Amino acid sequence: MIRPLLIAVALSALAGCASTPATPRSSAAVAPYRDSVDLNGRIAINYSRDGKKESLNGTFSWHQSQANTDVNLISPTGQTVAVINVTPRSATLTESGKPPRTAPDLDTLTAQTLGWTLPVSGLRDWLQGYATDSDGKRFVASPANDNVITRDGWKLEYMSWQDESAKVPQPKRIDVTRIALGQAVEDMQIRIVIYPAGQ
């Protein structure tokens, strides 16, 4: 008799959990945009080219000032794979064991070296929770307003936050999907995880 009673109690508890309304997500916006920011995290890039699936993954360090952006891409084994430096006048990519390559801008440089465009100029905004949407309006992310399609054809989804209930939430994981390809790849997804400050 006790066992069926316990089962009934457990089922009613589960039913109660299932009917509990979800807590509304915070509508607090991210911090005001900063020209200078230093971030570290993980990145995974998956794409298909000529019917073949390719992937790149590792960690990164991101150093941004008002004019320049410096990105270090590090392999899972801890080796620096590439260093990207972007200034208002040029973009330079230095790969391990190879001479630096330079072009007038990063789009041209990555298209020449990788066959597709790495959206570093967009990431200056995206990593802080900002973007320009498909209508040309400024998008400001919050836990309750967590996805957008950008003017240049990327879908951004802010999947998680350092602390979703914080007064000023900070992005933790961003999933990026190329919507308008127009290049040699058939599809592309980028997953970015930003480490907490100081890590």
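Here, the structure is the one placed above.
What counts and what doesn't
Sequence order as written defines the numbering, with residues in each chain counted from 1. Local features in a predicted model are, by the rule used here, given only for residues with pLDDT of at least 70; side-chain atom pairs are given and counted only at 80 or more, and totals for whole chains, interfaces and linings are based on all residues. Just so you know, side-chain values use all the structure's heavy atoms and leave hydrogens and water out. The rule for pairing is simple: two strands pair if DSSP sees at least two bridges between them. Comment: elements are numbered from the N terminus, with helices defined as DSSP H or I runs of at least four residues and strands as E runs of at least two. For this analysis, a polar contact is any N or O atom pair within 3.5 Å, provided that within protein one partner can donate a hydrogen and the other can accept it, and provided that sequence-adjacent residues contribute only side-chain to side-chain pairs. Contacts are residue-level and defined by heavy atoms, with any inter-residue pair within 4.5 Å sufficient. By definition, a salt bridge exists where a carboxyl oxygen of Asp or Glu is found within 4 Å of a side-chain nitrogen of Lys or Arg. Exposure classes here rest on a 1.4 Å probe applied to the protein chains alone. A residue is buried below 20% of its type maximum, exposed above 50%, and partly exposed in between.

So, the pairing of strand S4 (residues 80-86)
And then number 1: Here six bridges tie strand S3 (residues 69-74) to S4, and the two strands are oriented antiparallel to one another. Bridge pairing in S4 links Ile74 to Thr80.
And then number 2: In this structure, the hairpin formed by S3 and S4 is closed by a connection of five residues, where Gly78 is found at a positive phi of approximately 95°.
And then number 3: As paired strands, S4 and strand S5 (residues 91-95) are joined by five bridges and run antiparallel to one another. Among the inter-strand pairings, Asn85 is bridged to a residue of S5, identified as Thr92.
And then number 4: The turn joining S4 and S5, which pair antiparallel and follow one another in sequence, is formed by four residues.

Focus: the pairing of S3
And then number 1: Across six bridges, strand S2 (residues 52-64) lies against S3 in antiparallel orientation. Looking across to S3, one finds that Ser61 is bridged to Asn72.
And then number 2: Taking the residues that link successive antiparallel strands as the turn, the S2-S3 hairpin has four residues.

Brief notes about the side chain of Thr92
And then number 1: Structurally, the position occupied by Thr92 is in strand S5.
And then number 2: Here the side chain of Thr92 touches Thr102 through a polar contact of 3.2 Å, side chain to side chain.
And then number 3: If near-sequence neighbours (up to four positions away) are discounted, Thr92 is found in contact with Val83, Ile84, Asn85, Pro100, Arg101, Thr102 and Leu109.

Observations regarding the pattern of salt bridges
And then number 1: The final tally for this structure, using the stated rule, is seven salt bridges.
And then number 2: Taking the shortest distance from any N to any O, the salt bridge between Asp146 and Arg25 comes out at 2.8 Å. In this pair, Asp146 is assigned in the loop between strand S8 (138-140) and strand S9 (147-149) and Arg25 in the loop between helix H1 (2-19) and strand S1 (37-49), connecting sequence segments 121 residues apart.
And then number 3: Overall, the relative accessible area of 17% leaves Asp146 in the buried class.
And then number 4: Judged by its relative accessible area of 34%, Arg25 is partly exposed.
And then number 5: Of the charged contacts in the structure, one is a salt bridge between Arg173 and Asp175, with a shortest N-O distance of 2.7 Å.
And then number 6: Asp175 gets classed as buried once you look at its relative accessible area, which sits at 12%.
And then number 7: Bridged by salt links that share partners, the residues Arg25, Asp146 and Glu164 form one connected network.

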